[in-house]
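Listed here are the chains, written in short residue letters.
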Amino acid sequence: MSGQSPGWTPAARWAMAVALLGWAAGAAEFVLAPHVFLRGYLAAFVFWCGVPLGSGAILMLYYLVGGRWGQALRPLLECGAATIPILAILFIPVILGLWSLYPWADAARVAQSEALRHKAVYLNPAFFIVRAAAFFLIWCIGAWALVPRSRRAASGGPAPAALSAAGLIVYGLTVSLAAVDWIASLEPVWYSSVFGMYVMIGQALTALALAILGIVWLAPRHADPAAVVGVLHDLGNLLLTFVILHAYLAYVQFLIIWNGNLPHQDSWYLPRSHGVWGAVSLLLILIHFALPFCALLFRRVKRNPRPMAAVAILILAAQAVEAVWMVVPSSAGPALAAVAPAVALIAGIGGLWLVLAARLWRRRPVPPQPVQEQAP
Amino acid sequence: MGALLGILHRMGAHHYCPLVPAPPPRFVTERGCTLHGIMGEFDTAQAVYAAAEKVRDAGYRRWDVHTPFPIHGMEDAMGVKPTRLPILIALGAFTGVGGAYLMQWWMGAVDYPMVVQGKPYAAWEPWVPIMFELGVLCSAFSALLGMLGLNGLPRHHHPLFTSERFLRSSQDRFFVVIEAEDQNFNPQRVRSLLESSGATHVELVEDDSVEVTP
């Protein structure tokens, strides 16, 4: 790959084509129905947030706990975390469409609702934008601090353990607040204290699934295919842990709200418990928990690149469906019409992200080869 | 009864359960003790690895390799089949999940129905955590007990400990032991197989824990 210095690899060309198609379809939707487009756009944005933020979180987790799984994952996660600034640019349409997206940003609706008037101290457009700017600033600083130190650690430098410990705390606080701002406040009177954690584990799943796809894709170029099998087994176990944790948090939130049975808490589940979105809820139980859980119990799945890639793609698809499911039905949203721009822009942002990540991947320093295990 | 005893003997139950009578000895040494097996001693990991492949290819089933440290790839050299433990664990998990469901259904909807917060008696939603917990508990128990059972543990003594030379298996020697309970066991053939595989020393191991009728 080193010969084509200004050029485009075939993968990058495909990614760019998908990106252009996605953005063109999204632009068409924007002209036809801006309100519908914005919901779809927000869903796509929420899904792709998971990759850079989740990559950074898993990277910091690795520097705190160590292990063989992280050595193979590290360069991919560094690339993922380094793409955080692109999120800030992709957030601009959300700010421009604030008045259409969020009920609390619509003066007419705020005037009608006493609850929204009480919440206006926190949920108002100016403070929302300031908070979002602060999140992006903190995340960019975090990525700029973490990624070069991580690269130095790979070539023998000290592991950034203290930075990772502090970073994970800041990550937890900022992502919780951002999740409430960007997703939960679509349903402004609803609240759930586990929501931030739930979104964080979702981000870790997205990032890990994408990194597993990266490892499977790079496997033929690896010096020792047997080592890849061992790493895939570890990553499969880690993925299983995140799948269980994600399902656990989702269920805990549901169970507590079901038990309480109070109107302002039920408002999240009522539109998602019948009709098409009710069916999507059941589909999510299947593709986000039951199928990957059962598949990842088997050694034969975890130790083979193809089934692992299939599970990773399933998880990514489930995360995309979940992003749409979280964003679109809230406060009598534009229902299924928003699915089309969401799909178009998940592809559009994804293509753009892949192009950027591929450039970062080619610019990374080549790490020293690990010492091979001796067989008799 | 005989078939059941045969299964128990094949599981090695007579080694650790006093209620199971020991099978009649198939081979007896000159001293009149039951023969446990024949042990071959090897100097290097490479030698024992090659010997394990030969014993595997000769079709023996009841045999083992003892080494001071784990040898990479020894499972393949020995032809060890994947463990049946996952089946036991799955059975434990299904028992736990199903048992938790039935228990809560019976208590909440049949034995003592009580209105709580206006919810239906048989509302399944609050049962899920208990089903999960009991599923995990029962799989953990079946994993631990199943592992011990399949390994024939706990047992207080093993015939190999009577051999002075065998003690070096925790220091610098490698051993292949073919047990007399193997259906293909023939002392002459086992001895020549071990010797031809490069064993530096071959000896009989007696089972001194079994009383022998003269």
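Residues numbered from 1 in each chain as written. Chains lettered and ligands numbered in written order. Predicted model: local features only at pLDDT ≥ 70, side-chain atom pairs only at ≥ 80, totals over all residues. Heavy atoms only, no water.

Trainee: Can you walk me through the overall build of chain B in this structure?
Mentor: Summing up its helical and strand segments, chain B has seven helices and four strands in all. The N-to-C order of helical and strand elements in chain B reads α-α-β-α-β-α-α-α-β-α-β. Relative to the 2.2 N^0.38 estimate, which gives 17 Å for 214 residues, the radius of gyration of chain B is 24 Å and therefore markedly larger than a compact globule would have. Considering only C-alpha atoms, chain B reaches an extent of 80 × 45 × 30 Å along its principal axes. Counting over 214 residues, chain B shows a buried share of 33%. Sequence separation of 24 or more characterises 75% of the internal contacts of chain B that already satisfy a separation of 6 or more. For chain B, the computed accessible surface area is about 13300 Å², with 62% contributed by carbon and sulfur atoms. (Helix = DSSP H or I, 4+ residues; strand = E, 2+ residues; numbered from the N terminus. Rg over C-alpha atoms; globule rule 2.2 N^0.38 Å. Buried < 20%, exposed > 50% of the residue type's maximum accessible area, 1.4 Å probe, protein only. Contact = heavy atoms within 4.5 Å. Areas by Shrake-Rupley, 256 points an atom, 1.4 Å probe, with all protein chains shown as cover.)

Trainee: Which parts of the structure should I look at to understand the interface of chain B and chain A?
Mentor: Bring the parts together and some accessible area is lost; that lost area is often taken as the interface size. Between chain B and chain A, the residue contacts involve 11 residues of the former and 10 residues of the latter. Contact between chain B and chain A buries roughly 970 Å² in total, counting both sides, with carbon and sulfur atoms accounting for 71%. It is His72(B), Lys119(B) and Glu125(B) in chain B that bury the most area against chain A; as a group they hold 49% of the surface buried on that side. Here chain B is connected to chain A by zero salt bridges. Counting across the interface, chain B meets chain A through five residue pairs in polar contact (both at pLDDT 80 or more). Among the residues making up the side of chain B that touches chain A, the classes are represented as seven nonpolar, two polar and two charged. (Buried area = accessible area lost by both parts, 1.4 Å probe. Salt bridge = Lys/Arg side-chain N within 4 Å of Asp/Glu carboxyl O. Polar contact = N/O pair within 3.5 Å; in protein donor to acceptor, adjacent residues only side chain to side chain. Nonpolar A, V, L, I, M, F, W, Y, C, P; charged D, E, K, R; others polar.)

Trainee: Honestly, the packing of aromatic side chains in this entry has me stumped. Any pointers?
Mentor: Centre distance and the angle of the planes are the two values used to describe a pair of aromatic rings. Residue and element names in this part refer to chain A. A complete count under the given rule lists 32 aromatic pairs over all chains for this structure. Plain terms: the ring middles of Phe 91 and Trp 182 are 4.7 Å apart, the flat faces sit at 35 degrees to each other, and that makes the pair tilted. Here Phe 91, found in the loop between α4 (84-90) and α5 (92-96), pairs with Trp 182, found in helix α10 (residues 161-182); they are 91 residues apart in sequence, far enough to count as distant. Side by side, Phe 91 and Trp 182 carry an identical accessibility label, which is buried. Here Phe 254 and Tyr 269 contribute two aromatic rings whose centre-to-centre distance is 5.3 Å and whose plane-to-plane angle is 80 degrees, an arrangement assigned as edge-to-face. Within this pair, whereas Phe 254 is found in helix α12 (residues 225-260), its partner Tyr 269 is found in the loop between α13 (263-266) and α14 (275-296), the two being separated by 15 residues in sequence. Given the relative accessible area of 21%, Phe 254 is considered partly exposed. (Phe/Tyr/Trp six-rings, centres within 6.5 Å; stacked < 30°, edge-to-face > 60°.)

Trainee: I'm lost on the packing of helix α3 (residues 68-82) of chain A against helix α11 (residues 195-218) of chain A in this one. Help?
Mentor: Two packed helices can be described by the angle between their axes and the distance between those axes. Residue and element names in this part refer to chain A. It is at 10 Å that the axes of α3 and α11 come closest, and there the two elements cross at 110 degrees. Considering the angle they form, α3 stands roughly perpendicular to α11. For α3 against α11, the interelement crossing comes out right-handed. Listed contacts from α11 to Ala 72, Leu 73, Leu 76 and Leu 77 of α3 are Leu 208, Ala 211, Gly 214, Ile 215 and Leu 218. Its residues assigned to classes, the contact of α3 with α11 shows eight nonpolar, one polar and no charged. (Axes fitted to C-alpha atoms, helices over the stretch in contact; angles between N-to-C directions. Parallel < 35°, antiparallel > 145°, perpendicular 65-115°, else oblique. Left-handed = near helix turned anticlockwise from the far one by under 90°.)

Trainee: Help me out: how do you make sense of a positive patch on the surface in this one?
Mentor: Residue and element names in this part refer to chain B. Together, Arg 10, Arg 61, Lys 81 and Arg 84 make up a region of like positive charge exposed at the surface. Looking at the element boundaries, Lys 81 is found in the loop between α4 (74-78) and α5 (85-111). For Lys 81, a relative accessible area of 62% gives the class exposed. (Patch = residues over 30% accessible without salt bridge, like charges linked within 9 Å, V, L, I, M, F, W, Y side chains within 5 Å. Lys, Arg positive; Asp, Glu negative; His and termini not counted. Charge placed at Lys NZ, Arg CZ, Asp CG, Glu CD.)

Shape descriptors only; they carry no functional weight alone.
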